[in-house]
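Below, each chain spelled out in residue letters.
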Amino acid sequence: QVQLVESGGGLVQPGGSLRLSCKASGSIASIGAMRWYRQVLGNERELVAAITSDGGTNYADSVTGRFTISRDNAKNTAFLQMNSLKPEDTAVYYCKADVKRRLQVGWFVYWGQGTQVTVSS
């Protein structure tokens, strides 16, 4: 089995920064794309940023220039550096990864449990 665990959320003032981490563990052969989503209660989950296994990235328009996604393949970990945070960035942030499991054929999709980010003065 494979687990994704997010960390780094919390309460921050507008204009502040947070760094989220998403660590994958378990029976992993390789990890493809890793993505960060966010969801506000009552709304659909939206894609915030994505990174491929070789480092290609893309971002939602709302976070371009403020958020940076990165990854450490040796540690099976993705990061989301969030700067110049705004109240509208408040949400639960989820990590999603495409994983090839040992001794299994094909790719599997895994989600983390989410971490709350609150931007408020």
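Read on for an overview of the structure.

Rules behind the numbers
Residues numbered from 1 in each chain as written. Predicted model: local features only at pLDDT ≥ 70, side-chain atom pairs only at ≥ 80, totals over all residues. Heavy atoms only, no water. Pairing = 2+ DSSP bridges. Helix = DSSP H or I, 4+ residues; strand = E, 2+ residues; numbered from the N terminus. Axes fitted to C-alpha atoms, helices over the stretch in contact; angles between N-to-C directions. Salt bridge = Lys/Arg side-chain N within 4 Å of Asp/Glu carboxyl O. Buried < 20%, exposed > 50% of the residue type's maximum accessible area, 1.4 Å probe, protein only. Core = buried A, V, L, I, M, F, W, Y, C linked by side-chain atoms within 4.5 Å. Contact = heavy atoms within 4.5 Å.

Of the pairings in the sheet, the one linking strand β4 (residues 28-39) to strand β5 (residues 46-51) comprises five bridges and is antiparallel in character. From the neighbouring strand, Trp-36 faces β5, where its bridge partner is Ala-49. Where β4 hands over to β5, the hairpin turn is made up of six residues, of which Gly-42 adopts a positive phi near 95°. In terms of strand pairing, β5 meets strand β6 (residues 57-59) through three bridges, oriented antiparallel. What sits directly across from Ala-50, in β6, is Asn-58. Between β5 and β6, which pair antiparallel in sequence order, lie five residues; one of them, Gly-55, sits at a positive phi of approximately 100°.

Further remarks concern the sheet that holds strand β3 (residues 18-26). Taken in spatial order, the four strands line up as β1-β3-β8-β7 in an open sheet, and their pairing is antiparallel. The two strands at the open ends of the sheet, each matched to only one other strand, are β1 (2-7) and β7 (67-72). Taking each pair of neighbouring strands and ignoring which way they run, the sheet shows an average axis angle of 15°.

Moving on: the pattern of salt bridges. Applying the stated criterion to the full structure yields four salt bridges. A salt bridge links Asp-98 to Arg-35; the shortest N-O distance between them is 3.2 Å. Residue Asp-98 is located in strand β9 (residues 91-101), and its partner Arg-35 is located in strand β4; the two are separated by 63 residues in the primary sequence. Of the two residues examined, Asp-98 and Arg-35, each falls in the buried class.

What follows is about the nonpolar core. Generally speaking, a soluble globular protein has its nonpolar side chains buried in company with each other. Counting 30 residues, the largest nonpolar core has Met-34, Trp-36, Val-48, Phe-67, Leu-80, Met-82 and Tyr-93 as its most contacted members. Among the secondary structure elements, those contributing two or more residues to this core are β1, β3, β4, β5, β7, β8 (77-82), β9 and β11 (115-119). Considering every element that reaches this core, the biggest residue donor is β9, with five residues. What Met-34 contacts, discounting residues up to four positions off in sequence, is Cys-22, Ala-49, Ala-50, Ile-51, Ile-69, Arg-71, Asn-76, Thr-77, Ala-78, Cys-95, Lys-96 and Ala-97.

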